[in-house]
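# Coordinate analysis (summary)
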Amino acid sequence: MASKSSGSTPDPRVFFADLVRCETRLYNALNDRLRERHGIVTSQFEFLRYLREHPGSRVADLAAEFAIGIGATSKGADRLERQGWVARQPNPADRRSSLLVLTDEGARLTDAAERTFTERVTELIEGALDRTQASAAAQVLSVLRAALERDRTGTPTG
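Attention here is on the structure that accompanies the text. (Residues numbered from 1 in each chain as written. Predicted model: local features only at pLDDT ≥ 70, side-chain atom pairs only at ≥ 80, totals over all residues. Heavy atoms only, no water.)

### Observations regarding the pattern of salt bridges
Counting across every chain of the model gives 17 salt bridges. Arg52 is the partner of Glu114 in a salt bridge, and the nearest nitrogen-oxygen pair spans 2.7 Å. Linking Glu114 in helix α5 (residues 104-126) with Arg52 in helix α2 (residues 42-53), this pair joins segments that are 62 residues apart in sequence. The closest approach of N and O atoms between Asp94 and Arg96, which form a salt bridge, is 3.1 Å. The partly exposed category is assigned to Asp94, whose relative accessible area is 22%. (Salt bridge = Lys/Arg side-chain N within 4 Å of Asp/Glu carboxyl O. Helix = DSSP H or I, 4+ residues; strand = E, 2+ residues; numbered from the N terminus. Buried < 20%, exposed > 50% of the residue type's maximum accessible area, 1.4 Å probe, protein only.)

Quick look at the structure:
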């Protein structure tokens, strides 16, 4: 856990460890709840939610959004398609790619899982932070993410 300081620059090793361990624990807690209630894991839910909000996305769009490789994204989409939650449609703008859309079953699953997701994240945040802290944390993470995305830091090459 990071030590409290009086305005000094945080130790980058501690900052990184705290950030990554928080993300891992949040992700794992969400995995457990989503698997228990809906038979999916967090990464599947994130793909499904993205496709609900961006119908007709390509695998490359998912890969860019989640900063993961095309191969891993394609395999994830294949698994969702095998489950009947996603369908591939021809891309009229580029016949080398296909567009991903939620099936009716995928949309129902995403809506149900969204309620579970929101409930669990709220529990986890409210259990650790007051409203002021949660708001400050959200703002800091948003600024950091925007800077990393602006500079294309950590974008996979393949």
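### A word on helix α4 (residues 70-82)
Between its first and last C-alpha, α4 extends 18 Å over 13 residues, near the 18 Å set by a 1.5 Å rise per residue. Looking at the buried positions of α4, the neighbouring elements they touch are α2, α3 (59-66), β1 (86-90) and β2 (98-102). Immediately beyond the C-terminal end of α4, within one or two residues, lies Gly84, with a positive phi of roughly 85 degrees. (Expected span 1.5 Å × (residues − 1). Contact = heavy atoms within 4.5 Å.)

### A short note on the side chain of Gln44
Along the chain, Gln44 turns up in helix α2. Residue class for Gln44 comes out buried when judged on its relative accessible area of 18%. In this view, Gln44 contacts Gly39, Leu80 and Trp85; residues no more than four positions away in its chain are not counted.

### What about helix α6 (residues 131-150)?
Helix length check: α6 (20 residues) gives 28 Å between terminal C-alpha atoms against 28 Å at 1.5 Å per residue, within 8%. Of the residues that open α6, the one with a side-chain oxygen 3.0 Å from the backbone nitrogen of Thr132 is Asp130. A positive backbone phi angle near 55 degrees is found at Arg152, which sits one or two residues after α6. (Polar contact = N/O pair within 3.5 Å; in protein donor to acceptor, adjacent residues only side chain to side chain.)

### A few points about the environment of Asp18
Among the secondary structure elements, Asp18 is positioned in helix α1 (residues 12-38). Under the relative-accessibility criterion, Asp18 is labelled partly exposed at 23%. Once the C-alpha coordinates of Asp18 and Ala93 are considered, the two residues, 75 residues apart in sequence, prove to be 44 Å apart.

Function cannot be read off these values alone, since they describe shape.
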